[in-house]
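Architecture and fold: a report
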Amino acid sequence: MRQKLERLFLCFLFYSFLGWCYEVFLEVVVYRWGYSDRGVLVGPYCVVYGFGALLIIGLLSGAKKKKLPFGASVLTPLLVFLEVMAVATTVELIASYLMEWTVGSWMWDYTRFSFNFQGRIALNPSIRFGLGGLVILYFLQPCFDRFLRRISSRVQSVAAALLGVLFAADVFYTLLKGAFAL
């Protein structure tokens, strides 16, 4: 059980870090707004991506294996895409409400996009998250699982413990900083 939790935590941090990289890439390269630290915590991770990825993997890994024929083609990737989109959009909407409830606002504004809801979610990012979820399910997670199988459980435990201490310190520091900002 401990090993499974360690793997989940490492997976969470991996996707949180990739989410942070994705956000920084969008700001610097795509939108050319310049660098800003994307995320609530100090470290290079966006935890909403980590939670979203874990949910997508947990809920939809089995769905990608089902073969749903439609004539000469298979509909499975399209249906998985739509399911990923729904999960990711729901996670983002809930995250926006949680952030607003805890800190007074959320970190994104989709009002410039068509088909948005209160600037919290929009079709354009939801499509991107759907595509990203397909990349996670069909490519990244199988690679990450192979990587974890190649390293010893002792190394995984030490890595999870060290990263857990750093992550906990980051959360504590962020909460403490927020408490004194009031």
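To be clear, the structure that these remarks concern was listed above.
Overview of the structure. (Residues numbered from 1 in each chain as written. Predicted model: local features only at pLDDT ≥ 70, side-chain atom pairs only at ≥ 80, totals over all residues. Heavy atoms only, no water.)

Take the overall build of the chain next. Tallying secondary structure elements over the chain gives 5 helices and 4 strands in all. Put simply, the chain runs from its N terminus to its C terminus through helices and strands in the order α-α-β-β-α-β-β-α-α. Along the three orthogonal principal directions, the C-alpha set of the chain runs to about 60 × 50 × 30 Å. Relative to its full complement of 182 residues, the chain shows a buried share of 36%. When contacts within the chain are restricted to residue pairs at least 6 apart in sequence, those whose partners lie at least 24 apart make up 64%. As displayed, the chain has an accessible area near 11400 Å², and 72% of this comes from carbon and sulfur atoms. (Helix = DSSP H or I, 4+ residues; strand = E, 2+ residues; numbered from the N terminus. Buried < 20%, exposed > 50% of the residue type's maximum accessible area, 1.4 Å probe, protein only. Contact = heavy atoms within 4.5 Å. Areas by Shrake-Rupley, 256 points an atom, 1.4 Å probe, with all protein chains shown as cover.)

For Phe115, which is not glycine, the phi dihedral falls at a positive 55°. Along the polypeptide, Phe115 turns up in the loop between α3 (76-103) and β3 (116-117). The phi dihedral of Gln118 is positive, around 55°, even though this residue is not glycine. The class for Gln118 is partly exposed, based on a relative accessible area of 44%.

Attention now moves to the environment of Leu13. Structurally, Leu13 can be placed in helix α1 (residues 2-30). Considering only alpha carbons, one finds Leu13 and Tyr49, 36 residues apart in sequence, at a separation of 9.2 Å. Residues in contact with Leu13, not counting those within four places in the same chain, are Leu163 and Phe167.

It is the contact of α1 with helix α4 (residues 123-150), at a shortest axis distance of 12 Å, that shows an interaxial angle of 135°. In terms of orientation, α1 and α4 fall into the oblique class. As for the relative orientation of α1 and α4, their crossing is right-handed in sense. Residue-level contacts link Arg7, Leu10, Cys11, Phe14, Tyr15, Leu18, Tyr22 and Leu26 of α1 to Arg128, Phe129, Ile136, Leu140, Gln141, Phe144, Leu148 and Arg149 of α4. Residues of the contact of α1 with α4, tallied by class, amount to 12 nonpolar, 1 polar and 3 charged. (Axes fitted to C-alpha atoms, helices over the stretch in contact; angles between N-to-C directions. Parallel < 35°, antiparallel > 145°, perpendicular 65-115°, else oblique. Left-handed = near helix turned anticlockwise from the far one by under 90°. Nonpolar A, V, L, I, M, F, W, Y, C, P; charged D, E, K, R; others polar.)

Quick look at a positive patch on the surface now. A contiguous patch of positive charge on the surface is contributed by Arg7, Arg146, Arg149 and Arg150. If one sorts the elements of the positive patch by residue count, α4 sits on top with 3 residues. In this fold, Arg7 is placed in helix α1. (Patch = residues over 30% accessible without salt bridge, like charges linked within 9 Å, V, L, I, M, F, W, Y side chains within 5 Å. Salt bridge = Lys/Arg side-chain N within 4 Å of Asp/Glu carboxyl O. Lys, Arg positive; Asp, Glu negative; His and termini not counted. Charge placed at Lys NZ, Arg CZ, Asp CG, Glu CD.)

So, about α4. Along its 28 residues, α4 runs 39 Å from first to last C-alpha, staying within 8% of the 40 Å computed at 1.5 Å per residue. Where α4 bends most, the angle comes to about 45°, and this point is Ile136. Every buried residue of α4 is accounted for by Pro125, Ser126, Phe129, Gly130, Gly133, Leu134, Ile136, Leu137, Gln141, Phe144 and Leu148. (Expected span 1.5 Å × (residues − 1). Bend = angle between axes of the 7 residues up to and from the residue.)

Looking at the secondary structure, you find Gly43 in the loop between α1 and α2 (47-60). The buried category is assigned to Gly43, whose relative accessible area is 11%.

Turning our eyes to something else, we now look at the nonpolar core. Buried together is how nonpolar side chains tend to be arranged in soluble globular proteins. Among the nonpolar cores identified, the biggest contains 32 residues, and Ile56, Leu60 and Leu137 are the most heavily contacted of them. Going through the elements one at a time, α1, α2, α3 and α4 are the ones with two or more residues in this core. When residues in this core are grouped by element, the largest group, 9 residues, is from α3. Excluding residues within four positions of it along the chain, Leu60 makes contact with Leu55, Glu83, Val84, Val87 and Leu137. (Core = buried A, V, L, I, M, F, W, Y, C linked by side-chain atoms within 4.5 Å.)

Applying the stated rule across the entire model yields 2 salt bridges. Measuring nitrogen to oxygen at the nearest pair gives 2.9 Å for the salt bridge that ties Glu6 to Arg2. One end of the pair, Glu6, and the other, Arg2, are both in helix α1, 4 residues apart, so they sit about a helical turn from each other. Under the relative-accessibility criterion, Glu6 is labelled buried at 11%. Among the ionic pairs, Glu100 bridges to Arg120, the shortest N-O distance being 2.5 Å. Here Arg120 lies in the loop between β3 and β4 (121-122) and Glu100 lies in helix α3, a separation of 20 residues in the sequence. Assessed through its relative accessible area of 32%, Glu100 is described here as partly exposed.

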